[in-house]
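# Residue-level structural notes
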Amino acid sequence: MTRALVFLDLSEMDLTLMRQIAQLNRTFEIDKLYIAHYIELQEFTGDLKVHFPNLERPIEDILNEELTERAQESGLDPDKIEVVLFQDGSKTNMMSYINQSDVDFCILGKKIVHQGTGIFSGRMARLLHKPILFTTETSRLQLEHILVAIDFSSFSKKALNFALPLLTNSQQKLTAYHVFRLPGAYFPFVGGGGRNLQDKQAEDKLKRLRKFIAGAKKADEIELVVEHAGEKTLGRTIYDYARSHFTDLIVVGVKGTTDKDELLIGSVAEQLIAVDKDLPVLLVK
Amino acid sequence: MSEKRENKYFDIHKPVFWPASFLIVSFITITLVIGEPMETVFADIQEFISDYGGWFFVLVTNLFLLFCIYLGFSKLGGIRLGGRDAEPEFSTAAWFAMLFSAGMGIGIIFWGVAEPMNHYLNPPVEMGTAKGNALQAMGFSFLHWGLHAWGIYALVGLALGFFAFNKKLPLTIRSVFYPLLGERIHGWIGDVIDIIAVLATLFGLATSLGLGVQQVSSGLNYLFELPDNVTTQVLLIAAITAVATVSVILGIDKGVKKLSELNIRIAAIFLLFVLVVGPTLFIFESYIQNLGYYVQNFFKLSFWTESYTAESKAGWQNGWTVFYWAWWISWSPFVGMFIARVSKGRTVREFITGVLLVPSLLTFLWMTTFGGSGIFLEMSGMANIGEDITSNVSTSLFVLLDAFPLSGIASAIGVVLVINFFVTSSDSGSLVIDSITAGGKLDAPVGQRIFWAITEGAVAAVLLVGGGLTALQTAAITTGLPFAFVLVVMMYSLYKGLNREYALTKAEETKADLSAYESRLKDVIAKRGKSNDKPEK
């Protein structure tokens, strides 16, 4: 029983998201799809009729109708779809409502939601304690090649466990990917160790990665990759690798440390969901 | 020697290149023609500026630092160099390492032993006890090399970085004045600003080169008993400038980059060596205590102006604090441009914290290790090195090393280190000056850089001929003063630019999201608002 929640904002991205969900549904069955929408009426003070002369019935009904229609694009059975509207009050309330629901993961269209600002997705990433799938207009969610970024923590174990069930047929490929930075490279002028040290580290990391994967299902089908970050940020290195290897999805585990209500997400996750990155990213918490 | 290359191909911004070159060449000619009497001229100029302008330097350096700290902690601190989505080009650790290396140079090797020792032997304020004088000596050395120096660089670096990366203006000083002058930065005012920047950088650099060559000469005298006089120094400048020219010809990747990396390694080993053979425990302990003293007396030290000091005893500050402030200001385009180029993708807050703290802490360690060891030897009576140091400051490093094992090798390494720093400073300095005189281009032809490398050497040589250390200090002070005014205006301009950027991004973020949503909502309601259940279209 998989329950997904997708954020729609009445933009054109909504339809793209629905088509992507349809794609997703082909490899990975979705049993329930919640369509979440946040009604922002701050600017329309006073009587709504003044602002919308056409408004002759509750705005909720209108939106419900519109969103249901949009949701049909996903090809899902209409009784699997449910529209949830959130209104006024803070976004934090919406997030905590979702956090307490039985939703398994959330889907968020990146570009449209924040119009290039990156503020909203960052906030989402912090406030939602559910796994979030960030997609963009150009993403395809066929999941032929999934990459799980692994740093040997319990969070990356979670990410791996989340990613494994996404493999439903033998065509799909999963890569366990570890990126590291040489301690020597912390001070480029005294590095000295050079190639050899780097190679040796890579070997050790690969062994460790193999061990880490060992317990998992289909462990021997998982491709193992270890890379050295060099001068790039870790996030950029992961992204570049994923791009050049035709990956459809990057899965990252995120530390669940909470500061009051906000989840502190690591810099790598932050880099991966930044606006300039074009691949779907799944943050697992 | 490489005169032929000069004419090969020039890609210059004429209104800056020619006036700047003309002023520099006339300076060289006048000093050479007048010769010896120039020494008193230099001394008079220095005295005049520091007597009447000293308070101004003290005031503005404090202002620059406070301004930087304000920026770092205000709402403007969140602005990112290179735009909201820019990613740091270098990892934090690599960035720190580069900031470290920006803090290393001839100056710190020259003054590392000499400065604390001098303050200890001639205390600016008599503290009554040796211990008090020693702490005060370290306190003043920290003041001169610490947060204030880096506040100046941070201001220039941040301004250059912001206008180059966020506003896409050329990486040159005039760009910083865009919020005030608008398109006029491309006119004569911009040219004047760049000319001042070129002169300041060149003379600031020449001061450093002059000090370096004095030290190399003293070192060679100590090692091989070569005569330590102006002739040797001028010959050394010629020889080292030739090496620098080769490094220029080889290009950044093969030349200056390799050398700087080598340099930082040698410097690190050198520091470790003295840490080990010197009074190790004392160095660590006093590092902590000196830091505490610096923090505790921060405001007292930084706002002190000798105003209540008796006439006969006054003048200390002119030779030290005022000289340093002017020197740092004068070559702030040099350091500023370097830190700007490696800091793309950092937020203002990260930039300020990193640039103020990282190099300062390293410099403090260096000062404590070298100067502190000197004071330790003097205080404990283990070696009597004070006299030698006060009689000729450029020997101080070698005098100190002499008191420790392996002094021959250590001194040789010291000499190599200074020569190397000379080469890299000259090479990267000519890169900066070249870039300013070429209108902000970074890939100007090599011929021009060779011209500037040679000019720097020539100015340093001429200054040494015309009056030694005094002339060097005068050069820094005289060019520092006009540039200090430029920096004051720069502060305002940067503030304006950052504020506008902040307002813009803020407005963009909320407005764009909200108004786009509203219009979509309106559409939907227009489509389905009517109570007849069917949509209109």
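Our structure is the block above this text.
Just so you know, these numbers come straight off a predicted model, no measurement behind them.

When its secondary structure is counted, chain A shows 10 helices and 12 strands. For chain A, the proportion of its 285 residues judged to be buried stands at 52%. Accessible area of chain A: about 12,800 Å², with a carbon and sulfur share of 50%.

Okay, the pairing of strand β4 (residues 105-109) of chain A next. Residues in a regular strand project their side chains so that they alternate between the two faces of the sheet. All names here are of chain A. With 5 of 5 residues buried, β4 is to be regarded as a mostly interior element. Of the two faces of β4, the one holding Phe105, Ile107 and Gly109 and the one holding Cys106 and Leu108 are both buried throughout. Bridge count between strand β1 (residues 3-7) and β4: 3 bridges; the pairing is parallel. When the sheet's bridge partners are listed, valine 6 is paired in β4 with isoleucine 107. Examined bridge by bridge, β4 and strand β5 (residues 132-135) share 4 bridges and lie parallel to one another. Across the sheet, the residue bridging to glycine 109 is threonine 135, located in β5.

Attention now moves to the nonpolar core. B:Trp111, B:Ile173, B:Trp328, B:Leu463 and B:Leu494 are the most contacted members of the largest nonpolar core, which has 173 residues in total. The residues touching B:Trp111, leaving out its near neighbours within four places in the chain, are B:Pro116, B:Trp145, B:Leu211, B:Trp320, B:Phe323, B:Tyr324, B:Trp327, B:Met367, B:Val393 and B:Gln473. Core analysis: the next-biggest nonpolar cluster, separate from the first, contains 58 residues, A:Ile21, A:Phe28, A:Ala71 and B:Ile525 among them.

All names here are of chain B. All told, the structure shown has 48 aromatic pairs over all chains when counted by the stated rule. Taking 4.5 Å as the distance between ring centres and 20° as the angle between the ring planes, the aromatic pair formed by tryptophan 366 and phenylalanine 370 counts as stacked. Here phenylalanine 370 and tryptophan 366 lie together in helix α16 (residues 348-380), a separation of 4 residues that amounts to about one turn. By the burial criterion, tryptophan 366 is buried, and phenylalanine 370 matches it.

This part takes up the side chain of B:Thr395. Residue and element names in this part refer to chain B. For threonine 395, the position within the fold is in the loop between α17 (386-391) and α18 (396-402). Residue classification places threonine 395 among the buried positions, given a relative accessible area of 17%. A polar side-chain atom of threonine 395 sits 2.6 Å from the main-chain carbonyl oxygen of asparagine 392. Every residue in contact with threonine 395, bar those within four places of it in the chain, is listed here: Ser218 and Asp388.

Turning to the sheet that holds β1(A), a few remarks are in order. Residue and element names in this part refer to chain A. The mixed open sheet is built from 10 strands, whose spatial order is β3-β2-β1-β4-β5-β12-β9-β6-β7-β8. Because the sheet does not close on itself, it has two edges, and the strands there are β3 (81-87) and β8 (223-228). The sheet shows a mean angle of 25° between the axes of neighbouring strands, direction not considered. Bridge analysis of strand β6 (residues 145-149) against strand β7 (residues 173-180) gives 5 bridges, and the strand direction is parallel. In the strand pairing of β7, histidine 145 is matched with lysine 173.

So, on to a negative patch on the surface. A contiguous patch of negative charge on the surface is contributed by B:Asp44, B:Glu47, B:Asp51 and B:Glu311. Topologically, B:Asp44 is positioned in helix α3 (residues 38-73).

Each α-helix winds once per 3.6 residues, and so residues spaced three or four apart point in a common direction. Relative to the 22 Å expected for 16 residues at 1.5 Å per residue, helix α6 (residues 130-145) of chain B spans 23 Å between its end C-alpha atoms, a close match to the ideal helical length. With 14 of its 16 residues buried, α6(B) lies for the most part within the structure.

Residues and elements named next belong to chain B. Together, Leu66, Ile69, Phe73, Phe299 and Phe303 make up an exposed nonpolar region whose accessible area comes to about 550 Å². Counting residues per element, the ones that place at least two in the nonpolar patch are α3 and α13 (298-303). Here the nonpolar patch gets 3 residues from one element, more than from any other, and that element is α3. Note that isoleucine 69 resides in helix α3. A relative accessible area of 32% means that isoleucine 69 is categorised as partly exposed.

As a further point, take unusual backbone geometry. All names here are of chain B. Phi at lysine 168 takes a positive value of approximately 55°, unusual for a residue other than glycine. Within the secondary structure, lysine 168 is located in the loop between α7 (147-166) and α8 (178-181). One non-glycine residue, leucine 406, lies in positive phi territory at about 55°. Mapped onto the secondary structure, leucine 406 falls in the loop between α18 and α19 (407-437). For leucine 406, a relative accessible area of 55% puts it in the exposed group.

Looking now at the packing of helix α5 (residues 106-121) of chain B against helix α14 (residues 316-330) of chain B. Residue and element names in this part refer to chain B. Across the interface, α5 lies against α14 with an axial gap of 13 Å and an inter-helix angle of 155°. On the basis of the axis angle, α5 is roughly antiparallel to α14. Taken as a pair, α5 and α14 cross one another with a handedness that is left-handed. Listed contacts from α14 to Gly107, Trp111, Glu115, Asn118 and His119 of α5 are Trp316, Trp320, Phe323, Tyr324 and Trp327. A breakdown of the residues in the contact of α5 with α14 according to their chemical character gives 6 nonpolar, 3 polar and 1 charged.

A pair of packed helices can be characterised by two numbers: the angle between their axes and the separation between those axes. Residue and element names in this part refer to chain B. Relative to each other, α7 and α16 sit at 145°, their axes nearing to 9 Å. Crossing geometry of α7 relative to α16 is assigned as right-handed. When α7 is examined against α16, the residues Leu147, Trp150, Gly151, Ala154, Gly157 and Leu158 are found in contact with a partner set consisting of Val348, Phe351, Ile352, Val355, Leu356, Leu357, Pro359, Ser360 and Thr363. Looking at side-chain class alone, the contact of α7 with α16 contains 11 nonpolar, 4 polar and no charged residues.

For the rest of this paragraph, the subject is the pattern of salt bridges. Opposite charge on two side chains allows them to pair when their charged atoms are near. The final tally for this structure, using the stated rule, is 20 salt bridges over all chains. When the shortest N-O distance is used, the salt bridge between B:Asp427 and B:Arg449 registers 2.6 Å. In this pair, B:Asp427 is assigned in helix α19 and B:Arg449 in helix α20 (residues 446-465), connecting sequence segments 22 residues apart. Of the two residues examined, B:Asp427 and B:Arg449, each falls in the buried class. Among the charged side chains, a network of salt bridges with common partners joins A:Asp14, A:Arg57, A:Glu65, A:Glu66, A:Glu69, A:Arg70, B:Lys527 and B:Arg528.

All names here are of chain B. As for its placement among the helices and strands, methionine 491 is situated in helix α21 (residues 468-528). You can call methionine 491 buried: its relative accessible area is 10%. It is 9.3 Å that separates the C-alpha atoms of methionine 491 and valine 176, two residues lying 315 residues apart in sequence. Once residues within four sequence positions are removed from consideration, methionine 491 is found in contact with Leu63, Phe64, Phe67 and Leu155.

All names here are of chain A. Secondary-structure assignment places lysine 285 in the segment after β12 (281-284). Relative accessible area serves as the criterion here: at 13%, lysine 285 is assigned to the buried category. Within the local environment of lysine 285, its side chain forms a polar contact with the backbone oxygen of leucine 128, the two atoms lying 2.7 Å apart.

Reading the values: rules and limits
- Residues numbered from 1 in each chain as written.
- Chains lettered and ligands numbered in written order.
- Predicted model: local features only at pLDDT ≥ 70, side-chain atom pairs only at ≥ 80, totals over all residues.
- Heavy atoms only, no water.
- Helix = DSSP H or I, 4+ residues; strand = E, 2+ residues; numbered from the N terminus.
- Buried < 20%, exposed > 50% of the residue type's maximum accessible area, 1.4 Å probe, protein only.
- Areas by Shrake-Rupley, 256 points an atom, 1.4 Å probe, with all protein chains shown as cover.
- Pairing = 2+ DSSP bridges.
- Core = buried A, V, L, I, M, F, W, Y, C linked by side-chain atoms within 4.5 Å.
- Contact = heavy atoms within 4.5 Å.
- Phe/Tyr/Trp six-rings, centres within 6.5 Å; stacked < 30°, edge-to-face > 60°.
- Polar contact = N/O pair within 3.5 Å; in protein donor to acceptor, adjacent residues only side chain to side chain.
- Axes fitted to C-alpha atoms, helices over the stretch in contact; angles between N-to-C directions.
- Patch = residues over 30% accessible without salt bridge, like charges linked within 9 Å, V, L, I, M, F, W, Y side chains within 5 Å.
- Salt bridge = Lys/Arg side-chain N within 4 Å of Asp/Glu carboxyl O.
- Lys, Arg positive; Asp, Glu negative; His and termini not counted.
- Charge placed at Lys NZ, Arg CZ, Asp CG, Glu CD.
- Expected span 1.5 Å × (residues − 1).
- Parallel < 35°, antiparallel > 145°, perpendicular 65-115°, else oblique.
- Left-handed = near helix turned anticlockwise from the far one by under 90°.
- Nonpolar A, V, L, I, M, F, W, Y, C, P; charged D, E, K, R; others polar.

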